[in-house]
Amino acid sequence: MAKTMLKVDNINVYYGAIHALKGISIEVNEGEIVTLIGANGAGKSTTLRTISGLLKPKNGQISFEGKSIGGMLAQNIVKLGISQVPEGRRVFAHMSVQENLELGAFIRKDSKGIKEDMDMVFTRFPRLAERRTQLAGTLSGGEQQMLAMGRALMSRPRLLLMDEPSMGLAPLLVKEIFSIITDINKTGTTILLVEQNAHMALSIAHQAYVLETGRITLAGDAKELAASEEIRKAYLGG
Ligand code: ATP
């Protein structure tokens, strides 16, 4: 039986008077890739930012491994094992690749483990290893995405939240990033992936949710959703 790792139960989130999330419920099972797809402005980023503690839900429950985390400080949520790769990468432009990765481990004190994980990131992303001392702001878009993923992995998350990793990348690079996401998942990290590229997201995910203007309108097995007429018409170009 699959074990629920993250449970988002009927949350409502507002930006002032704007009601961005209208009673959203999502479950992520341990070991899976779960994707949340939807058009611009549907509330995908808002959902991730609420789970990672950057926004507070007005009501509803969020629990991670049975512990209630709704409204908890973001840094404490990272300590519990959730890490987010933000939309638009957001690397520290004036710091080197290595310094960005070190910052990803800010909650940890085990210097031996940090060193091991830095080596793991450089093995997974050889292009970052070649650019260890380069300023992050001078990396290409794809390399910045890899750095943002590497930085998130430096906290040894059990759940990785990814916000539109394909954004602005050429098709070949999108393929490469998605293949890395699959590898990260296979080595034991559970992933909640937000994407506008529904085709790619559904191809690697186990479960999927469709978000429309702040509400979940469809949910289910990713392969089944990819095959459904409704999804094909609305999100996969017929
Ligand atoms: P995209 O794919 O374009 O990033 P999204 O699905 O991630 O879209 P959100 O960024 O979560 O959508 O936005 C959901 C809604 O909340 C939108 O209507 C947006 O305009 C609104 N919103 C987002 N951030 C803010 C903010 N800081 N202040 C006010 N409204 C916001």
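Residues numbered from 1 in each chain as written. Predicted model: local features only at pLDDT ≥ 70, side-chain atom pairs only at ≥ 80, totals over all residues. Heavy atoms only, no water.

K.L.:
Would you explain the overall build of the chain in this entry?
P.N.:
Of regular secondary structure, the chain possesses 10 helices and 10 strands. Against the 2.2 N^0.38 benchmark of 18 Å for 238 residues, the chain shows a C-alpha radius of gyration of 17 Å, consistent with a compact globule. With respect to the three principal axes, the spread of C-alpha positions in the chain is 45 × 40 × 40 Å. At a minimum sequence separation of 6, the contacts of the chain that also span at least 24 residues come to 67%. When the accessible surface of the chain is split by element, carbon and sulfur atoms take 52% of a total near 11,200 Å². (Helix = DSSP H or I, 4+ residues; strand = E, 2+ residues; numbered from the N terminus. Rg over C-alpha atoms; globule rule 2.2 N^0.38 Å. Contact = heavy atoms within 4.5 Å. Areas by Shrake-Rupley, 256 points an atom, 1.4 Å probe, with all protein chains shown as cover.)

K.L.:
Looking at this model, I keep getting lost on the sheet that holds strand S3 (residues 33-37). Mind explaining?
P.N.:
The strands making up a sheet are joined through hydrogen bonds of the backbone, oriented either antiparallel or parallel. Taken in spatial order, the 6 strands make up an open sheet running S6-S7-S8-S3-S9-S10, and their pairing is mixed. Of all the strands in the sheet, just strand S6 (82-85) and strand S10 (215-221) have a single pairing partner and so form its edges. Across the sheet, the axes of successive neighbouring strands diverge by a mean angle of 15°, strand direction being ignored. Against the sheet, helix H7 (residues 171-186) touches S3, strand S7 (159-163) and strand S8 (190-195), its axis set at about 155° to S8. (Pairing = 2+ DSSP bridges. Axes fitted to C-alpha atoms, helices over the stretch in contact; angles between N-to-C directions.)

K.L.:
Mind showing me how you'd approach the site of the ligand here?
P.N.:
The local shell around the ligand holds 14 residues, among which Asn40, Gly41, Lys44, Ser45 and Thr46 are the closest. Separating an oxygen atom of the ligand from a backbone N or O atom of Gly41 is a distance of 2.7 Å. At 2.7 Å, a backbone N or O of Ser45 approaches an oxygen atom of the ligand. Contact with the protein chains removes 62% of the 630 Å² of surface that the ligand exposes when unbound. Secondary structure elements with two or more residues in the shell around the ligand: strand S2 (18-29) and helix H1 (44-51). Ranked by the residues each element gives to the shell around the ligand, the list is headed by H1, at 3 residues. Among the residues making up the shell around the ligand, the classes are represented as 5 nonpolar, 6 polar and 3 charged. (Near = heavy atom within 4 Å. Polar contact = N/O pair within 3.5 Å; in protein donor to acceptor, adjacent residues only side chain to side chain. Nonpolar A, V, L, I, M, F, W, Y, C, P; charged D, E, K, R; others polar.)

K.L.:
It is not clear to me how the sheet that holds strand S1 (residues 4-15) should be interpreted in this structure. Could you clarify?
P.N.:
Taken together, 4 strands build an open sheet; the order of strands is S2-S1-S4-S5 and the sheet is antiparallel. Only two strands of the sheet have a single neighbouring strand rather than two, namely S2 and strand S5 (67-68).

K.L.:
What exactly am I supposed to notice about the packing of aromatic side chains here?
P.N.:
Geometry of an aromatic ring pair is reported as the spacing of the ring centres plus the angle between the planes. Inspection of the entire model under this criterion finds 0 aromatic pairs. The positively charged end of Lys58 is found above the aromatic ring belonging to Tyr14, 5.2 Å away from the centroid. (Phe/Tyr/Trp six-rings, centres within 6.5 Å; stacked < 30°, edge-to-face > 60°. Lys NZ or Arg CZ within 6 Å of the ring centre and 35° of its normal.)

K.L.:
Hey, could you run me through the pairing of S1 in this one?
P.N.:
One ladder, built from 9 bridges, connects S1 with S2; its direction is antiparallel. Within the sheet, the bridge partner assigned to Lys7 lies in S2 and is Glu27. Two successive antiparallel strands, S1 and S2, enclose a turn made up of 2 residues, where Gly16 displays a positive phi of approximately 60°. Examined bridge by bridge, S1 and strand S4 (residues 59-64) share 5 bridges and lie antiparallel to one another. Pairing of Asn12 across the sheet is with Asn59, part of S4.

K.L.:
Explain the side chain of Thr47 to me, please; I cannot follow it from the model alone.
P.N.:
Assignment of secondary structure puts Thr47 in helix H1. Reaching out from Thr47, the side chain makes a polar contact with the backbone oxygen of Gly43 at a distance of 2.8 Å. Once residues lying within four places of it in the same chain are set aside, the contact partners of Thr47 are Leu21, Ile24, Ile26, Leu36 and Leu211.

K.L.:
I would appreciate a short explanation of the layout of surface pockets in the present structure.
P.N.:
Where empty space is left can be seen by rolling a probe of water-molecule size over the atoms. The calculated volume of the largest pocket comes to roughly 580 Å³. Contributing to the lining of the largest pocket are 22 residues, with Leu54, Val78, Gln84, Pro86 and Arg151 lying nearest its centre. Of all the elements in the fold, those that place two or more residues in the lining of the largest pocket are H1, helix H2 (74-80), S6, helix H3 (97-104) and helix H6 (141-153). In terms of residue count, the dominant contributor to the lining of the largest pocket is H2 (4 residues). Of the domains in this structure, domain 1 (1-81 + 157-238) and domain 2 (90-156) are the two that each give at least three residues to the lining of the largest pocket. (1 Å grid on protein atoms, 1.4 Å probe; cavity = no way out; pocket = protein on both sides within 12 Å on 5 of 7 lines; lining within 4 Å. Points joined across faces, edges and corners; volume = space filled by probe spheres on them. Domains from an automatic or database assignment.)

K.L.:
Explain the nonpolar core here, please?
P.N.:
As a rule of thumb, nonpolar side chains are buried together in soluble globular proteins. Counting 45 residues, the largest nonpolar core has Met149 and Ile181 as the members making the most contacts within it. With 7 residues, the single largest contributor to this core is H7. Inspection of this core shows a minimum of three residues originating in each of domain 1 (1-81 + 157-238) and domain 2 (90-156). Residue contacts for Ile181: discarding those within four places in its chain leaves Ile33, Met149, Met162, Pro165, Ile191, Leu193 and Ile204. Counting residues in hydrophobic clusters, the runner-up holds 26 residues, among them Leu21, Ile24, Leu159 and Leu211. (Core = buried A, V, L, I, M, F, W, Y, C linked by side-chain atoms within 4.5 Å. Buried < 20%, exposed > 50% of the residue type's maximum accessible area, 1.4 Å probe, protein only.)

The quantities given are spatial measurements derived from coordinates; they are silent on function.
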